[in-house]
There are 2 protein chains.
Amino acid sequence: MASMDLRHLVQDNGSKIVLFVWDGLGGITSGPGGKTELAAARTPNADRLAREGCCGLLEPVYPGVTPGSGPGHLALFGYDPVEYQIGRGALEAAGVGFDLEHGDVAARLNFCTLDSKGCITDRRAGRIPTDESKKIVEKLAKAIKEVDGIRVLWSPVKEHRALLVLRGEGLGDGVEDTDPQRTGVAPLEPKATDDTAESARTADVAGKVLRKAREVLAGEPKANGVLARGFAKRPHWPSIQERFGLKAAVVAGTPMYRGVAKLVGMTELPATNEVERDVASLAEHWNEFDYFFLHYKHTDKAGEDGDFAAKVKAIEEADRALPSVEKLRPDVLIVTADHSTPAALSSHSWHPVPVLLWARTVRRDTVDRFDEVACTAGGLGLRPSTHLMPLALGHAGRLAKFGA
Amino acid sequence: MASMDLRHLVQDNGSKIVLFVWDGLGGITSGPGGKTELAAARTPNADRLAREGCCGLLEPVYPGVTPGSGPGHLALFGYDPVEYQIGRGALEAAGVGFDLEHGDVAARLNFCTLDSKGCITDRRAGRIPTDESKKIVEKLAKAIKEVDGIRVLWSPVKEHRALLVLRGEGLGDGVEDTDPQRTGVAPLEPKATDDTAESARTADVAGKVLRKAREVLAGEPKANGVLARGFAKRPHWPSIQERFGLKAAVVAGTPMYRGVAKLVGMTELPATNEVERDVASLAEHWNEFDYFFLHYKHTDKAGEDGDFAAKVKAIEEADRALPSVEKLRPDVLIVTADHSTPAALSSHSWHPVPVLLWARTVRRDTVDRFDEVACTAGGLGLRPSTHLMPLALGHAGRLAKFGA
């Protein structure tokens, strides 16, 4: 089914939708008794909602394809992640909560170790700890503030990573990575990948910035060089308001998820990654928005750590928060995930994610428990995650009839 | 899955397909015991066919999108309703059984009430009854037969609605509505929306027709003005014969469904909306066609009225007609719907519709009862309604092998 433009069908009936994402929720049947984390967890509230609502499975990007957090969430918001791609630099900016302005060009930096001839001996500078990296970034930020009239902004990321943002007039983002992807050679010079004056200007300025950075870092024992990847501007996409007529808000304690939500025009509400406090934050702004994206992080974290028991515990914590969300009386309440993170794999995976959609307008199915295997028999079926937004709008009464 | 052109696979093996549409059949689990209308109904024949055949669920247009009757049927005929859109005027013509000729431009009229300054006080003329409206249309038809060499044809619709058709050479349909969508202002003049001479000609003629109409209606107490919407020509689409190699017939007692079927090239057979008589009409022409679209209206009517019990009764009536259809020994017999019309919502809805496909070539599934929830476990799965036509052709042996 090709994607459908819903703009002319969208209507505002004052209804409210809550998308409660339990990050990385999906698992594989690897636990005791051949259970997934969700099947092993005690989730009386989600189970009740599953009985009263309808369930199914969502495939975030494409069969067999493991999504990153950006694509996984974009799909839930109704943005096909294959069509709506974010350059690595812009994603990195979103990830650290750096709001790119129109025209900014961002790149992801990796600190590296260079030998006396300037050749790379370690592409990740021994994975220096975040604290150390932070100090190096401060040093760079103090030393390099402007080049040729272009402002140069620096932001630490995790471990050996950092963010570089060039701000000024006439910058393009068609610039090659300077990471040669191997050791024993020197970093590459940034080169324009198109023949616009804008990309040439970025390549020129970036070259100067990176050379200066090397001078500043000359005395560092490990991080004495820097590699830049994924030069990119912030994408300018039609907002969730334009596409789906929704005033949308995000409550997410982790900058990355706020960043992605803001790329589609959501308003950021205070968040802490403590689920009950985050629900309270949502409740405080209940009257101001139509659509709330509430993010719960700990499920994914436990999955990434390969900790089955911790993931079960996290799921149970999220479940306990459901009644507080229900108290707000949303018209549509959805519990699902951006992707699977089975503890058995200690990483994101391609497995479809369980979804439960509760609404008064739902056609109930036979699913009486919220878990991956039970959802296989759900009335929503197995479908792309991008179907979730139109289904939410339909159940909320926010789509007019198509044709007479 | 993108749509596939089946023309080079189509073969004629003399097999026969019956598509029996129970209009608006799908419901939600809102009835006694959490049942849908179909689950509550006694349907021994459909249940038997479900046991011998295979079942599933069809999504007519797009997830969450509520289809009008036109789109819902087009999808069942294998025409993606997002790709095959009908202008409102042409749909209105189909709805009253007015066969638009090539070049005709149709518009939907609403009678309205104007004050002494010519400003609209009621956009629907107090929803005057159909009888009254019919007389007004007759008056207009007598008074305005031709303008500038263009024939002007009038046809009553329901209540305050009517159909206007302009017939002649060189007319375009790029013309704006004259309904300002609010009261307190005068009707708009018809304006061309493109810069072709054809659309300008239609705008000019329509302007004259509408001014004359106002003169004719000057003495009317309520319907003393007229608003035109949705100027459109009849779409020219590849027929069901061209696309699927089928000689197709429609048996539908309501003009709207006949009209849509005729847009894809079906031949109209006599019909009454009395189901046993309509099956008899089909039987009389059994040898002349390959594909029969048999329409049953009362299920939708009861759903629209919000009458759960009446919908159950209508379903049972349709079920009782099944043996008469089976007696004809179709190779493929399908029972499904154009869309859901849950009595609980008193309107069309976006919920997928149940489908049962009976054929000797079917792979039977475990479904032993024809209802929405049972169909969730069906072998046909949940899929777009546009998949039904290729499935029907396949089970009828009408598609050659693809590739060697």
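Here the structure is shown first, and the text comes after it.
The rules we used
Residues numbered from 1 in each chain as written. Chains lettered and ligands numbered in written order. Predicted model: local features only at pLDDT ≥ 70, side-chain atom pairs only at ≥ 80, totals over all residues. Heavy atoms only, no water. Pairing = 2+ DSSP bridges. Helix = DSSP H or I, 4+ residues; strand = E, 2+ residues; numbered from the N terminus. Contact = heavy atoms within 4.5 Å. Axes fitted to C-alpha atoms, helices over the stretch in contact; angles between N-to-C directions. Least-squares fit on C-alpha atoms with pLDDT ≥ 70 in both. Buried < 20%, exposed > 50% of the residue type's maximum accessible area, 1.4 Å probe, protein only.

Undergrad: Is there a simple way to think about the sheet that holds strand 9 (residues 248-251) of chain A in this case?
TA: One key point about sheets: their strands pair by backbone hydrogen bonds, in either a parallel or an antiparallel sense. Residue and element names in this part refer to chain A. The eight strands are arranged 10-9-11-1-12-13-2-14 in an open sheet whose pairing can be described as mixed. Where the open sheet ends on each side, the last strands, each with one partner, are strand 10 (267-268) and strand 14 (381-384). Sheet analysis places strand 12 (residues 332-336) next to strand 13 (residues 353-359), joined by four bridges and oriented antiparallel. Residue pairing across strands places Ile334 opposite Leu357, the latter belonging to strand 13. Sitting on the sheet, helix 9 (residues 275-284) is in contact with strand 1 (17-22), strand 9 and strand 11 (291-296), with an inclination near 170° to strand 11.

Undergrad: Sorry, what's going on with the sheet that holds strand 1 (residues 17-22) of chain B here?
TA: Residues and elements named next belong to chain B. Taken together, eight strands build an open sheet; the order of strands is 10-9-11-1-12-13-2-14 and the sheet is mixed. The sheet terminates laterally at strand 10 (267-268) and strand 14 (381-384), the two strands that pair on one side only. Both strand 2 (residues 54-59) and strand 13 (residues 353-359) contribute to a ladder of five bridges, which runs antiparallel. Counterpart to Cys54 in the pairing with strand 13 is Leu357. Sitting on the sheet, helix 2 (residues 44-52) touches strand 1, strand 2, strand 12 (332-336) and strand 13, and the angle it makes with strand 13 is about 65°. Its contacts with the sheet place helix 11 (residues 308-320) against strand 1 and strand 11 (291-296), and it is angled at close to 165° to strand 1.

Undergrad: Would you mind showing me how to read the relation of the copies chain A and chain B here?
TA: One copy of the chain maps onto the other through a rotation about an axis plus a displacement along that axis. Of the transformation placing chain A onto chain B, the axial shift is 0.0 Å and the rotation is 124°, giving an RMSD of 0.2 Å. Here the transformation between the copies is reduced to the relation of a three-fold axis. An asymmetric contact is evident, with only 3% of the interface residues of chain A recurring at the interface of chain B.

Undergrad: Could you clarify how one ought to interpret the pairing of strand 1 of chain A in this entry?
TA: Both faces of the sheet carry side chains from a regular strand, because those side chains alternate between them. Residue and element names in this part refer to chain A. Among the six residues of strand 1, six are classified as buried, and the element is accordingly described as predominantly covered. Alternating positions in strand 1 separate into two faces, Ile17, Leu19 and Val21 on one and Val18, Phe20 and Trp22 on the other, with burial throughout. As judged from the six bridges shared by strand 1 and strand 11, these two strands associate in the parallel manner. Paired with Phe20 across the strands is Leu294, a residue of strand 11.

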